[in-house]
2 protein chains.
Amino acid sequence: MPPKPKTEAEKHQLRTLIIDAARELFVARGVDAVTMREIAKRIGYSATSIYLHFADKEALLKAICDTDFLALATSLKNMMQIADPVERMQALGRGYAAFALTHPNHYRLMFMTAHAPINPDDSSLQQNSAEQDAYFQLKTVVSAVHIADRFRPDLQDVDLIAQTIWAGVHGVCSLQISMSCDKWVNWTDISARLQLMQTVMLRGLLRD
Amino acid sequence: MPPKPKTEAEKHQLRTLIIDAARELFVARGVDAVTMREIAKRIGYSATSIYLHFADKEALLKAICDTDFLALATSLKNMMQIADPVERMQALGRGYAAFALTHPNHYRLMFMTAHAPINPDDSSLQQNSAEQDAYFQLKTVVSAVHIADRFRPDLQDVDLIAQTIWAGVHGVCSLQISMSCDKWVNWTDISARLQLMQTVMLRGLLRD
DNA sequence: CATACTTACTTAACGTTGTTAATTTAACAA
DNA sequence: TTGTTAAATTAACAACGTTAAGTAAGTATG
């Protein structure tokens, strides 16, 4: 039984209903394996209704990523309150990895899938926000460690340090996500790998 | 003008013709964006002919990866001759990164794309071969550094060390490949990031 | 030489996919 | 009542991966 003029709130509700259903399916079986018809069926609409809210499948994917980037930043927010900058940096790394490994398919969509470049302009998130921008959180912590003069003296570029730390943690997580069921390699325990990466990073970056 | 019984060599030739055409297209535009019909057209056959040589698109992808894994191992072989184990380890890291960054889409297929787990049994490559298995090459080098007693005393698990080093280099490369055109982050120079990762790794893993 | 069989390939076709166009249904406004 | 608009649907399209059926050229066998 169909239509009724809808309030803005009702529209938004349906929008997030679609997003949630789509994410659940994408996450479980991968973006390409999930059809628009299947997403629609899940929420009791026809496939074409989705196109009233999203231009196409790619736009739906981007909207999902947007909400997940926010979720990541939110999940890291608590850790930003730790007083000691080095401890805070470690906690942020652990938190990031925890997000990646408990939501591997969210993570895959966010950081491992090729999609059109994310433009800050058409994102609903605010760049350089302590609440919404995880990269800004990382940069803030790295900057604090730098100001506390805890990095080795040859390390001066905050962006470079932040991106290298990110790469280290991302490397462990993404390798785990895309390769851990590979039989070619005799994989060691993921938490041991993560722990060693953190230790190596700290030893390599901090003053003795 | 159709068929003639073909020798084994001719079959193999057509097989690699398909592989090369498919890789070129996959690499240029991504696996999902390329159709079987398009691959076939490129080499002057009908789409269904591909199925005489590969069970399906996934099998074709796997065959491509197989030849690329071999190419990676081959490109690293020279570096295995460097005498000093630590220098050899560094060179291997640089070589791996060079491969990843000069063949980003090969690399994506090999290490960043979800495909059915690679089973050593149905690969044409030989596991634990110094010529064909890049992971074995890495493990060999790490083992040599370990035997030379150059790692910090608390580091004893060769697999764990190897996988952490891999994760570090892979992190820099994969982040570069999937995120470097992202406007959200103010990316620093890729070779600086790679250099810092190597330095950090060495400082973190080796004895003082 | 004629028949049958095999090989290498093509064309036709199927079921699905993302997406668009046309249509229906229901609510509100005059 | 009669339009008008909004929200949804059904129908349809072109393209996809893949399968089935068909065809032409060569080989083997009588």
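If you're wondering where the values come from, they're calculated on a predicted model, not measured in any experiment.

The rules we used
- Residues numbered from 1 in each chain as written.
- Chains lettered and ligands numbered in written order.
- Predicted model: local features only at pLDDT ≥ 70, side-chain atom pairs only at ≥ 80, totals over all residues.
- Helix = DSSP H or I, 4+ residues; strand = E, 2+ residues; numbered from the N terminus.
- Buried ≥ 20, exposed ≤ 12 C-beta atoms within 10 Å, placed from the backbone.
- Least-squares fit on C-alpha atoms with pLDDT ≥ 70 in both.
- Contact = placed C-beta atoms within 7 Å.
- Axes fitted to C-alpha atoms, helices over the stretch in contact; angles between N-to-C directions.
- Parallel < 35°, antiparallel > 145°, perpendicular 65-115°, else oblique.
- Left-handed = near helix turned anticlockwise from the far one by under 90°.
- Nonpolar A, V, L, I, M, F, W, Y, C, P; charged D, E, K, R; others polar.
- Core = buried A, V, L, I, M, F, W, Y, C linked by C-beta atoms within 7 Å.
- Expected span 1.5 Å × (residues − 1).
- Bend = angle between axes of the 7 residues up to and from the residue.

Enquirer: Please set out the overall build of chain A residue by residue, giving values where relevant.
Expert: Scanning chain A from terminus to terminus reveals nine helices and zero strands. Helices and strands in chain A line up, N terminus first, as α-α-α-α-α-α-α-α-α. Across its three principal axes, chain A shows a C-alpha extent of roughly 70 × 45 × 25 Å. Residues classed as buried in chain A amount to 37% of the 208 residues present.

Enquirer: Requested: an account of the relation of the copies chain A and chain B, with residues and values cited.
Expert: Mapping chain A onto chain B is achieved by rotating through 180° and translating by 0.0 Å along the same axis, at an RMSD of 0.2 Å. Expressed as a symmetry operation, the mapping of one chain copy onto the other fits a two-fold axis. In terms of C-alpha distance to the rotation axis, chain A has A:G171 as its closest residue, with the C-alpha 1.7 Å off the axis. A share of 100% of the interface residues of chain A reappears at the interface of chain B, consistent with the copies meeting face to face through the same patch.

Enquirer: Run through helix α6 (residues 104-112) of chain B, naming residues and quoting values.
Expert: Across the nine residues of α6(B), seven count as buried, placing the element largely inside the fold. Here α6(B) has its buried residues at B:H106, B:Y107, B:R108, B:L109, B:M110, B:F111 and B:M112. Contacts made by the buried residues of α6(B) are with α6 (104-112) and α8 (158-179) of chain A together with α1 (8-29), α4 (57-77), α5 (85-102) and α8 (158-179) of chain B.

Enquirer: How would you summarise the packing of α8(B) against helix α9 (residues 190-205) of chain B if you had to cite specific residues and measurements?
Expert: Residues and elements named next belong to chain B. Viewed as axis vectors pointing N to C, α8 and α9 meet at an angle of 165°, and their least axial separation amounts to 10 Å. Regarding the angle of α8 to α9, the classification is roughly antiparallel. Crossing geometry of α8 relative to α9 is assigned as right-handed. Two secondary-structure elements touch here, α8 through I161, I165, G168, V169, V172 and Q176 and α9 through I190, R193, L194, M197, M201 and L205.

Enquirer: Could you give an account of the packing of helix α1 (residues 8-29) of chain A against helix α4 (residues 57-77) of chain A, with specific residues and numbers?
Expert: Residues and elements named next belong to chain A. It is the contact of α1 with α4, at a shortest axis distance of 10 Å, that shows an interaxial angle of 90°. The orientation of α1 relative to α4 falls into the category roughly perpendicular. Between α1 and α4, the contacting residues are I19, A22, R23 and F26 on the first element and L60, A63, I64 and T67 on the second. Broken down by class, the residue content of the contact of α1 with α4 amounts to six nonpolar, one polar and one charged.

Enquirer: Describe the nonpolar core, naming the residues involved and giving the relevant values.
Expert: The biggest cluster of nonpolar side chains holds 110 residues, and the ones touching the most others in it are A:I64, A:V142, B:I64 and B:V142. Setting aside residues no more than four positions away along its own chain, A:V142 makes contact with A:M89, A:V158, A:I161, A:A162 and A:I165.

Enquirer: Account for the interface of chain A and chain B, with residues named and values stated.
Expert: Contacts between the two partners involve 43 residues from chain A and, on the opposite side, 44 residues from chain B. Where the side of chain A that touches chain B is concerned, the elements lending two or more residues are α6, α8 and α9 (190-205) of chain A. Top contributing element to the side of chain A that touches chain B by residue count: α8(A), with 14 residues. Taken together, the residues of the side of chain A that touches chain B break down into 22 nonpolar, 14 polar and seven charged.

Enquirer: So what about unusual backbone geometry? Which residues, and what values?
Expert: Residue and element names in this part refer to chain B. Residue N128 is not a glycine yet carries a positive backbone phi of 60°. For N128, the location among the structural elements is in the loop between α6 and α7 (134-147). Classification of N128 as exposed rests on a count of 11 C-beta atoms within 10 Å. Its identity is not glycine, yet D149 carries a phi of approximately 60°, on the positive side. Position of D149 relative to the elements: it lies in the loop between α7 and α8. Under the C-beta neighbour-count criterion, D149 is labelled exposed, with 8 such atoms within 10 Å.

Enquirer: Describe in detail the environment of B:I18, supporting the description with residues and values.
Expert: Of note, B:I18 is situated in helix α1. In this structure, B:I18 is in contact with B:I39, B:I43, B:I50 and B:H53, ignoring residues within four places of it in sequence.

Enquirer: Just give me the short version of α8(B), but keep the residues and values in it.
Expert: All names here are of chain B. Between its first and last C-alpha, α8 extends 31 Å over 22 residues, near the 32 Å set by a 1.5 Å rise per residue. Along its length, α8 reaches its greatest deviation from straightness, about 25°, at H170. The buried fraction of α8 amounts to 20 of the 22 residues, a majority that puts the element mostly inside the structure.

Note that every value here comes from positions in space, so none of it alone points to a role or purpose.
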